[in-house]
Amino acid sequence: MTPRRARRANAALTLRVELTGTAPLVWRRVILNASDTFEDLHGAIQLAMGWEDYHLHEFRVGELRIGIDDDEDDDGPETIDETTVSLADVLGENVGARFEYEYDFGDTWIHHLVLEAIEELAVELEYPVCVAGERACPPEDSGGVSGFEEFLLVLSDPDHARHGEYVRRAEGYDPTIFSVARANASLQNPR
């Protein structure tokens, strides 16, 4: 797949972001400007999901690798600098296009993204915006999907030998809670 410019670079792109392997599913629906870069999309995913941007990441769109350009990494496929390519350049007007975002190469959090819609920009909205989602994002450094499953199991079992330790570590974490308003507050006032 080669990058190409969308005919409507100033359109609103609705993307569904699903954190794979989580049950029940952790997901968000975000809307960005088609002229936003993949760096902007990375920031929107981090803030809407609730990640803290501690780790490396990469987008995979077909054969393309988009992320932080590392001139010293000559072992793998070339990575396109995420600051230089817009969503419109790569996704075009391909509603239904699917691609991946990996966050934290140690824990391997894979997010599946789908371009759900392309619409006119709404002047009343400040982009990016989160319009829907469910469930809290796993805590940073929780060990990937299997570590997160163990984390939830221990939290839910007061008789587990490590329950107290995990409760202290969780600091009030509730996996069922997600707030669109809180996600948008983060998106409008990034760290």
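Scroll up a little and you will see the structure.
Owing to the predicted nature of the structure, the values given are computational and were not obtained by experimental measurement.

A. Up close: the environment of Thr176. With respect to the helices and strands, the residue Thr176 is situated in the loop between helix H4 (163-170) and helix H5 (180-188). Along the backbone, Thr176 and Leu56 are 120 residues apart, and their C-alpha atoms lie at a distance of 26 Å. Looking at Thr176, its side chain comes within polar contact range of the side chain of Asp174, at 2.6 Å.

B. Expanded view of the packing of helix H3 (residues 144-156) against H4. Their axes nearest at 8 Å, the elements H3 and H4 cross at an angle of 110 degrees. Between H3 and H4, the angle is such that the two are roughly perpendicular. Regarding H3 and H4, the two cross each other, and that crossing is left-handed. On H4, the residues touching Glu150, Phe151, Val154 and Leu155 of H3 are His163, Tyr166, Val167, Arg169 and Ala170.

C. Expanded view of H3. The end-to-end C-alpha separation of H3 is 18 Å, in line with the 18 Å expected for 13 residues at 1.5 Å each. Taken residue by residue, H3 has Gly144, Gly147, Phe148, Phe151, Leu152 and Val154 as its buried positions. Taken end-on, H3 shows its buried residues confined to a sector of 165 degrees, consistent with a single buried face. Along H3, exposed side chains directed more than 90 degrees from the buried face belong to Ser146, Leu153 and Ser156. Check the buried side of H3 and you find it contacts strand E7 (109-120) and H4.

Rules of the game
- Residues numbered from 1 in each chain as written.
- Predicted model: local features only at pLDDT ≥ 70, side-chain atom pairs only at ≥ 80, totals over all residues.
- Heavy atoms only, no water.
- Helix = DSSP H or I, 4+ residues; strand = E, 2+ residues; numbered from the N terminus.
- Polar contact = N/O pair within 3.5 Å; in protein donor to acceptor, adjacent residues only side chain to side chain.
- Axes fitted to C-alpha atoms, helices over the stretch in contact; angles between N-to-C directions.
- Parallel < 35°, antiparallel > 145°, perpendicular 65-115°, else oblique.
- Left-handed = near helix turned anticlockwise from the far one by under 90°.
- Contact = heavy atoms within 4.5 Å.
- Expected span 1.5 Å × (residues − 1).
- Buried < 20%, exposed > 50% of the residue type's maximum accessible area, 1.4 Å probe, protein only.
- Arc of directions from axis to C-beta.

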